[in-house]
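What the coordinates show
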Amino acid sequence: MVRCGGHSAPVALEHALLVSLSERPAAGLELARRFDRSIGFFWSATHQQIYRVLRRMEQDGWVTARVVEQSGRPEKREYSVTDAGRTALADWIATTTPRPAFRSEIAVKLRGASYGDRAALLADVAELLADHRTRLAHYESLAARDYPEPDRLDGADLDTYLVLRGGILQETFWIAWLTEYLDAHRTKDTA
């Protein structure tokens with residue numbers, strides 16, 4: 001937790017929004033959609049949470065909003081990062097990242113499978129595996145489309161690509177692990 005202009009707040013959402021707005025100013029809806037397509041892959045937030053945090057960040061002076069007229073539609077508020085927001089983001093980036101332990105609900109279920117309905121768990125694992133394969137395919141298509149020559153990247157483009165690579169590697173891990181679990185139990189069930 002950090003103090004956000006006098007409010008205790010989860011670190012990641014405020015700072016994830018600051019990163020996204022540093023890349024490009026946006027209206028709340030556009031930011032929420034962008035969040036769903038990019039940062040949302042590794043930090044989730046509802047549209048309501050994003051709007052609530054944006055209002056608080058504006059009150060705290062981390063972002064400012066300007067009214068943008070739209071033809072045939074209601075005006076919108078486009079947010080951009082202030083100097084105070086850039087300082088808060090830079091300060092946060094410079095802090096030591098907590099070293100969390102591996103926490104996974106599915107890991108606990110896998111460990112306890114002998115004490116419950118293994119067939120239901122195996123079906124759940126198969127669904128999770130399919131989700132991870134879908135996500136991996138999406139990440140790989142983004143990498144191929146947006147970063148065909150990763151060796152030529154630098155600055156913000158290199159940072160964004162390397163986070164995408166982290167997502168690819170994470171999905172690869174989940175696919176390998178869940179596949180190993182399913183295969184081990186299929187082997188036992190057919191023996």
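Residues numbered from 1 in each chain as written. Predicted model: local features only at pLDDT ≥ 70, side-chain atom pairs only at ≥ 80, totals over all residues. Heavy atoms only, no water.

This part is about the overall build of the protein chain. Counting its regular elements, the protein chain contains seven helices and five strands. In terms of overall dimensions, the protein chain has C-alpha extents of about 65 × 40 × 40 Å along its principal axes. When burial is assessed residue by residue, the protein chain has 33% of its 191 residues classed as buried. Of the contacts made within the protein chain by residues no fewer than 6 positions apart, 54% connect residues no fewer than 24 positions apart. Of the accessible surface of the protein chain, which amounts to about 12500 Å², a share of 54% is contributed by carbon and sulfur atoms. (Helix = DSSP H or I, 4+ residues; strand = E, 2+ residues; numbered from the N terminus. Buried < 20%, exposed > 50% of the residue type's maximum accessible area, 1.4 Å probe, protein only. Contact = heavy atoms within 4.5 Å. Areas by Shrake-Rupley, 256 points an atom, 1.4 Å probe, with all protein chains shown as cover.)

Taking 1.5 Å per residue, twelve residues should reach 16 Å; helix 4 (residues 83-94) reaches 16 Å between its end C-alpha atoms and fits that length. The set of residues buried in helix 4 consists of G85, A88 and L89. Down the axis of helix 4, the buried side of the element spans an arc of 95°, and every buried residue falls inside it. Structural note: helix 4 exposes D83 and A94 on the side pointing more than 90 degrees away from its buried face. (Expected span 1.5 Å × (residues − 1). Arc of directions from axis to C-beta.)

Okay, helix 6 (residues 118-146) next. Between its first and last C-alpha atoms helix 6 spans 41 Å; for 29 residues at 1.5 Å apiece the expected length is 42 Å, and the two agree. Turning to helix 6, its buried residues are L121, L122, V125, L129, H132, L136, Y139, L142 and A143. For helix 6, the N-terminal capping position is held by D117, with its side-chain oxygen 3.2 Å away from the main-chain nitrogen of A119. (Polar contact = N/O pair within 3.5 Å; in protein donor to acceptor, adjacent residues only side chain to side chain.)

The next subject is the packing of aromatic side chains. Taken as a whole, this structure holds four aromatic pairs when the rule is applied. Measuring from ring centre to ring centre gives 5.7 Å for F173 and W177, while their planes differ by 20°; the resulting arrangement is stacked. Here W177 and F173 lie together in helix 7 (residues 155-190), a separation of four residues that amounts to about one turn. You can call W177 partly exposed: its relative accessible area is 25%. On the numbers, 5.5 Å between centres and 45° between planes, the contact of W174 with W177 is tilted. One end of the pair is W174 and the other is W177, both in helix 7 and three residues apart, which spans about a single turn. Of the residues examined, W174 reaches a relative accessible area of 12% and is grouped as buried. (Phe/Tyr/Trp six-rings, centres within 6.5 Å; stacked < 30°, edge-to-face > 60°.)

Once that is clear, we can look at the packing of helix 2 (residues 28-37) against helix 3 (residues 47-59). Interhelical geometry of helix 2 versus helix 3 gives an angle of 125° and a closest axis separation of 10 Å. The angle between helix 2 and helix 3 falls in the class oblique. Remark: the crossing between helix 2 and helix 3 carries right-handed chirality. Contacts between helix 2 and helix 3 involve G28, L29, L31, A32, F35 and D36 on the former and, on the latter, H47, I50, Y51 and L54. Class assignment for the residues of the contact of helix 2 with helix 3 results in seven nonpolar, two polar and one charged. (Axes fitted to C-alpha atoms, helices over the stretch in contact; angles between N-to-C directions. Parallel < 35°, antiparallel > 145°, perpendicular 65-115°, else oblique. Left-handed = near helix turned anticlockwise from the far one by under 90°. Nonpolar A, V, L, I, M, F, W, Y, C, P; charged D, E, K, R; others polar.)

This part covers the domain arrangement of the protein chain. Assigned domains within the protein chain: domain 1 (10-94) and domain 2 (105-187). For domain 1 and domain 2, the distance between their C-alpha centres works out to 28 Å. (Domains from an automatic or database assignment.)

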